[in-house]
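# Chains, contacts and geometry: an overview
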Amino acid sequence: FYEMIDLALDSKIFIDTNIDAALQELDLLFNTENTELIGYPEYGTNFEQFLWSTSPSTDTVKEYIEDKISNNTFFLAQMEHDVDVQILDGEYRQIYYVQISVINGNNSYSRTYQFK
């Protein structure tokens, strides 16, 4: 069964493949702070507070992201994906460089995020 989903904020773009829906879920998850979604305060990443208060290792950040993906996404959680986290030295504090690759058959799609 195949159904088109409208996840676009401006209702001008339609998501019509599972990979597009997974990438949209990822963008929504990473661009939403905790407590922004009324009635579901667990949704979102809140990376600024997480990184500032804990200065975590790359493994800790990867576990945090995997937990958010498995608990807050539908399409992405069911797809093969890879999370890579690198820590770069910044001028004032560390910069976390996160790349998430979503594998769909022979194709790979990625999103990159940077948190300070």
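Description of the structure in this document.

Cut-offs used in this document
Residues numbered from 1 in each chain as written. Predicted model: local features only at pLDDT ≥ 70, side-chain atom pairs only at ≥ 80, totals over all residues. Heavy atoms only, no water. Helix = DSSP H or I, 4+ residues; strand = E, 2+ residues; numbered from the N terminus. Buried < 20%, exposed > 50% of the residue type's maximum accessible area, 1.4 Å probe, protein only. Contact = heavy atoms within 4.5 Å. Areas by Shrake-Rupley, 256 points an atom, 1.4 Å probe, with all protein chains shown as cover. Pairing = 2+ DSSP bridges. Axes fitted to C-alpha atoms, helices over the stretch in contact; angles between N-to-C directions. Polar contact = N/O pair within 3.5 Å; in protein donor to acceptor, adjacent residues only side chain to side chain. Core = buried A, V, L, I, M, F, W, Y, C linked by side-chain atoms within 4.5 Å. Salt bridge = Lys/Arg side-chain N within 4 Å of Asp/Glu carboxyl O.

Each helix and strand in the protein was counted, giving four helices and three strands. Overall, the protein shows an N-to-C arrangement of helices and strands of α-α-α-α-β-β-β. By residue count, 37% of the 116 residues in the protein fall in the buried class. Considering only contacts within the protein whose residues lie at least 6 apart along the sequence, 34% involve residues at least 24 apart. Here the protein displays about 7600 Å² of accessible surface, and carbon together with sulfur accounts for 48% of that area.

Time to look at the sheet that holds strand β1 (residues 80–88). Strands in a sheet are paired, the pairing made by backbone hydrogen bonds, and the direction either parallel or antiparallel. One open sheet holds the three strands; their spatial order is β1-β2-β3, and the pairing between them is antiparallel. Of all strands in the sheet, those bounded by a partner on one side alone are β1 and β3 (107–115). Sheet twist, expressed as the mean angle between neighbouring strand axes with direction ignored, is 15°. Pairing geometry for strand β2 (residues 95–104) and β3, over nine bridges, is antiparallel. Residue pairing for β3: Val102 is matched across the bridge by Tyr109.

Position of Asn72 among the secondary structure elements: in helix α3 (residues 58–72). A C-alpha to C-alpha distance of 8.6 Å links Asn72 and Glu25, two positions 47 residues apart in sequence. The contact partners of Asn72, leaving out residues within four places of it in the chain, are Leu29, Tyr40, Glu42 and Tyr43. At 3.1 Å, the side chain of Asn72 and the side chain of Tyr40 are in polar contact.

Turning to the environment of Thr17, a few remarks are in order. Among the structural elements, Thr17 can be located in the segment before α1 (18–30). The class for Thr17 is partly exposed, based on a relative accessible area of 30%. Separated by 58 residues in the primary sequence, Thr17 and Phe75 have C-alpha atoms spaced 10.0 Å apart.

Core analysis: the largest hydrophobic core is formed by 26 residues, its most contacted members being Phe47 and Ile65. Of all the secondary-structure elements, those providing two or more residues to this core are α1, α2 (47–54), α3, α4 (75–78), β1, β2 and β3. Top contributing element to this core by residue count: α1, with seven residues. Leaving out residues up to four positions away in the same chain, Phe47 has contacts with Phe30, Val61, Tyr64, Ile65 and Phe115.

Before going further, it helps to examine the pattern of salt bridges. What the rule picks out here adds up to one salt bridge. When the shortest N-O distance is used, the salt bridge between Arg111 and Asp27 registers 3.2 Å. Of the two residues, Arg111 sits in strand β3 while Asp27 sits in helix α1, which places them 84 residues apart along the sequence. Arg111 gets classed as partly exposed once you look at its relative accessible area, which sits at 28%.

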